[in-house]
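# Results of the structural survey
The primary structure of each chain is shown beneath.
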Amino acid sequence: MNKSPKVEELIHYSRVLYERKLLHSTGGNTSVRDGECVLISQTGAELGSLTENEIVKVDLDGKVLEGTAPSKEMGMHLAMYRARENAGAVIHAHPTFSITHSTMISEPTTDSIPPYTAAFYVRAGRVPFIPYHPSGAHSLHEAVETLASNYHAILLRQHGLLVSAAVMTDALGIVEEIEQCCQISITAGAKGEWLTEAQCRQIDEALGRSW
Ligand SMILES: [Zn+2]
């Protein structure tokens, strides 16, 4: 893959995710939209040291246009791009506190992360939860497909996070806010108090969004 601003954005933020311990080894995958195509990390690539040669160009149906084998979790990324016109970047990370928090939820919900801070609620808002599916399973991609048009961040049980945004720096910010709220939740236990429903609604109104 030739160097381009999109390729450099993907490489840079993949390394940042690794350096901030939001994924490890070959876990997690990243992508950016490039016109009608998507640039995605190759299957088995270590994101901390991703190179141009480990990036695959695919169309929105997953057909490989350049490079070798895309991440086996590509289906989740493509579901986000197909459903969200303004999605320009997708991160699938394996952050420790988010995964820990996911193991304490048993039923599907559209409010899986307790809104402890306004910063979290502004950036992530309501985050639905998908029960466990094996990594790369078609059933997981289908579950994402049903939520992607309404939600830009999803918690995957015993697995991690899937986040989309206009650009990588925004997607990273959302991942970090969710991870921090999960850490606060685990640290605070039952004593912690969330933003109230009215406070969340006030933020939604200020941002002109509804769920
Ligand atoms: Zn994964």
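Criteria and cut-off values
- Residues numbered from 1 in each chain as written.
- Predicted model: local features only at pLDDT ≥ 70, side-chain atom pairs only at ≥ 80, totals over all residues.
- Helix = DSSP H or I, 4+ residues; strand = E, 2+ residues; numbered from the N terminus.
- Rg over C-alpha atoms; globule rule 2.2 N^0.38 Å.
- Buried ≥ 20, exposed ≤ 12 C-beta atoms within 10 Å, placed from the backbone.
- Contact = placed C-beta atoms within 7 Å.
- Core = buried A, V, L, I, M, F, W, Y, C linked by C-beta atoms within 7 Å.
- Arc of directions from axis to C-beta.
- Pairing = 2+ DSSP bridges.
- Axes fitted to C-alpha atoms, helices over the stretch in contact; angles between N-to-C directions.
- Parallel < 35°, antiparallel > 145°, perpendicular 65-115°, else oblique.
- Left-handed = near helix turned anticlockwise from the far one by under 90°.

Turning our attention to the overall build of the chain. In terms of helices and strands, the chain carries seven helices and eight strands. Compactness check: the chain gives a C-alpha radius of gyration of 16 Å against a globular reference of 17 Å for 211 residues, within 12% of the reference. Judged by the C-alpha coordinates and their principal axes, the chain covers about 50 × 35 × 30 Å. Taken across its 211 residues, the chain has 43% of its residues classed as buried. Long-range pairs, those at least 24 residues apart, make up 65% of the contacts in the chain with a sequence separation of at least 6.

What follows is about the nonpolar core. By size, the foremost hydrophobic cluster in this structure holds 58 residues, and its most contacted members are Ile-154, Ala-171, Val-175 and Ile-178. Here this core gets eight residues from one element, more than from any other, and that element is helix 6 (residues 168-188). Contacts of Ile-154, omitting those with residues within four sequence positions, involve Val-127, Pro-128, Ile-130, Val-144, Leu-147 and Leu-162.

This part is about helix 5 (residues 138-147). All buried positions along helix 5 are accounted for by Leu-140, Ala-143, Val-144 and Leu-147. All buried residues of helix 5 lie within an arc of 100° about the axis, which places them on one face of the element. Turned more than 90 degrees away from the buried face of helix 5, the exposed residues are His-138, Ser-139, Glu-142 and Thr-146. Buried-residue contacts for helix 5 involve helix 2 (74-83), strand 6 (129-130), strand 7 (153-156) and strand 8 (160-165).

For the rest of this paragraph, the subject is the environment of Ser-210. When you line up the elements, Ser-210 lands in the segment after helix 7 (197-207). Spatially, the C-alpha atoms of Ser-210 and Gly-125 are 9.9 Å apart, while their sequence positions differ by 85 residues.

Along the chain, Ala-79 turns up in helix 2. Ala-79 sits in the buried class, given 24 other C-beta atoms within 10 Å. Separated by 66 residues in the primary sequence, Ala-79 and Glu-145 have C-alpha atoms spaced 5.1 Å apart. Contact partners of Ala-79, with chain neighbours within four places excluded, come to His-141, Val-144, Glu-145 and Ala-148.

A few words on the sheet that holds strand 2 (residues 37-41). The strand order across the open sheet built from eight strands is 4-3-2-1-5-8-7-6, with neighbouring strands paired in mixed fashion. The two strands at the open ends of the sheet, each matched to only one other strand, are strand 4 (64-66) and strand 6. Along the sheet face, helix 1 (residues 5-19) touches strand 1 (29-34), strand 2, strand 3 (55-59) and strand 5 (89-93) and points at about 155° away from the line of strand 1. Across the face of the sheet, helix 6 comes into contact with strand 1, strand 5, strand 7 and strand 8 while running at roughly 145° to strand 8.

This brings us to unusual backbone geometry. Peptide bonds are mostly trans, and most non-glycine residues show a negative phi. The phi torsion at Lys-21 lies on the positive side, around 60°, for a residue other than glycine. Among the secondary structure elements, Lys-21 is positioned in the loop between helix 1 and strand 1. Here Lys-21 falls in the exposed class, since 12 other C-beta atoms lie within 10 Å of it. In this model, Ser-25 sits at a positive phi of 45°, which is unusual for a non-glycine residue. Using a count of 11 C-beta atoms within 10 Å as the deciding quantity, one classes Ser-25 as exposed.

Now for the packing of helix 2 against helix 5. Remark: helix 2 packs on helix 5, axes separated minimally by 8 Å, with the N-to-C direction vectors making an angle of 15°. Considering their axes alone, helix 2 and helix 5 lie roughly parallel with respect to each other. The element helix 2 and its partner helix 5 pack so that their crossing is right-handed. From helix 2, Gly-75, Met-76 and Ala-79 reach across to helix 5, where they touch His-138, Leu-140, His-141, Val-144 and Glu-145.

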